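# Analysis of the macromolecular model
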Amino acid sequence: NAGVTQTPKFRVLKTGQSMTLLCAQDMNHEYMYWYRQDPGMGLRLIHYSVGEGTTAKGEVPDGYNVSRLKKQNFLLGLESAAPSQTSVYFCASSYKWTGGGNEQFFGPGTRLTVL
Amino acid sequence: GQQVMQIPQYQHVQEGEDFTTYCNSSTTLSNIQWYKQRPGGHPVFLIQLVKSGEVKKQKRLTFQFGEAKKNSSLHITATQTTDVGTYFCAGPIGNDMRFGAGTRLTVKP
């Protein structure tokens, strides 16, 4: 099993450009999450999904959109990138809601730089 | 807003010394999780604590959840170079999952 995979691993964008980050998991998990990690700030939840076709906002959703068309995939979109979105993005998944104490499995991350 | 705070931000120890990181929440948590992230890596789940006053051990690691379920700690006995990394606590606040800023541990051989 590959676990949680993310593409791409690195990306450089110019301000105003758009892009989509792809997360895939092969563990048949219902729950998927997108986090951003900035120096000194830990991980912050952007959006999450409790199942195929559902999405919900996390702590820092502004400037991002997500879609969960298939159970195994969770896409994070940036419509008009801004320098403040320079960060490392992690996708994670869990069998049950992680807020209930359930382990999250993280992908390797995507390092995004917006110039 | 409600948040999870973690101290210290950095800790540098000599190999063989002990290490402790502390996590405090502004609100009562139903549970708390601990993760470890190696340099350049991704967070990896270590453990979850659910009960008030709970103590769990994993070899040299001891995890505690406070009686009021608002604080937690991770203690490593006799650190090794393999313990290097950033340790995060995380807990649910509302429908959100809040992480502490992490404690970055470096170990001098």
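See the structure printed just above.
Residues numbered from 1 in each chain as written. Chains lettered and ligands numbered in written order. Predicted model: local features only at pLDDT ≥ 70, side-chain atom pairs only at ≥ 80, totals over all residues. Heavy atoms only, no water.

## Some details on the layout of surface pockets
In this approach, a probe sized like a water molecule rolls over the atoms, and the result shows the empty space that is left. Note the cut-off: Both site types are read off a 1 Å grid over the protein atoms alone. A 1.4 Å probe that fits but cannot get out defines a cavity, while an open set with protein on both sides within 12 Å along at least five of seven lines defines a pocket; lining residues have an atom within 4 Å of a point. Grid points are joined across faces, edges and corners, and a volume is the space filled by probe spheres set on the points. The way it works is that DSSP assigns letters per residue, a run of H or I at least four long becomes a helix, a run of E at least two long becomes a strand, and they are numbered from the N terminus. Residues are sorted three ways: Asp, Glu, Lys and Arg are charged, Ala, Val, Leu, Ile, Met, Phe, Trp, Tyr, Cys and Pro are nonpolar, and all the rest, Gly among them, are polar.
Roughly 740 Å³ of internal volume is contained in the largest pocket. As for the largest pocket, its lining consists of 30 residues, of which Q37 and R111 of chain A together with Q37, G40 and T86 of chain B are closest to the centre. Those elements giving two or more residues to the lining of the largest pocket turn out to be strand 9 (87-94) and strand 11 (110-114) of chain A together with strand 9 (85-93) and strand 11 (103-108) of chain B. Considered class by class, the residues forming the lining of the largest pocket number 12 nonpolar, 13 polar and five charged.

## Observations regarding the sheet that holds strand 8 (residues 71-76) of chain B
All names here are of chain B. Cut-off, in case you're wondering: Two strands are counted as paired when DSSP detects at least two bridges linking them. In this analysis, axes come from line fits to C-alpha atoms, helices being fitted only over the stretch in contact, and the angle between any two N-to-C directions falls in the range 0 to 180 degrees.
Here we have five strands laid out as an open sheet, ordered 1-3-8-7-6, and antiparallel in their pairing. Each edge of the open sheet is held by one strand with a lone partner, namely strand 1 (4-7) and strand 6 (55-58). Recorded for the sheet is a direction-independent mean angle of 15 degrees between the axes of neighbouring strands. Inspection of the sheet shows strand 6 paired to strand 7 (residues 61-65) by four bridges, in the antiparallel sense. The residue of strand 7 that forms the bridge with K57 is T62.

## Regarding the interface of chain B and chain A
The criterion, for reference: When checking whether two residues touch, look at their non-hydrogen atoms; a contact exists if any pair is within 4.5 Å. Buried area adds together the accessible area that both of two parts lose upon being put together, with accessible area traced by a 1.4 Å probe. Take a side-chain nitrogen of Lys or Arg and a carboxyl oxygen of Asp or Glu: if they are within 4 Å of each other, that pair is a salt bridge.
Each partner contributes to the interface: chain B provides 20 residues, whereas chain A provides 22 residues. Of the roughly 1600 Å² buried where chain B meets chain A, counting both sides, 54% is carbon and sulfur surface. Inspection of the region where chain B meets chain A yields one salt bridge. Residues R98 of chain B and E59 of chain A are paired through a salt bridge, measuring 3.6 Å at the closest nitrogen-oxygen approach.

## Overview of the side chain of S49 of chain A
Residue and element names in this part refer to chain A. Selection criterion: Think of it in three bands: residues with accessible area under 20% of the maximum for their type are buried, residues over 50% are exposed, and the middle band is partly exposed, with areas taken using a 1.4 Å probe on protein chains only. Two N or O atoms count as a polar contact when they lie within 3.5 Å, although within protein this holds only if one can serve as hydrogen donor and the other as acceptor, and sequence-adjacent residues are included solely when both atoms are side-chain atoms.
For S49, the position within the fold is in strand 5 (residues 43-49). Relative accessible area serves as the criterion here: at 0%, S49 is assigned to the buried category. A distance of 2.9 Å separates the side chain of S49 from the backbone oxygen of G51, its partner in a polar contact. Only 2.7 Å separates the side chain of S49 from the side chain of R68, close enough to count as a polar contact. S49 has contacts with E30, Y31, M32, T54, T55, R68 and F74, leaving out every residue within four places of it along the chain.

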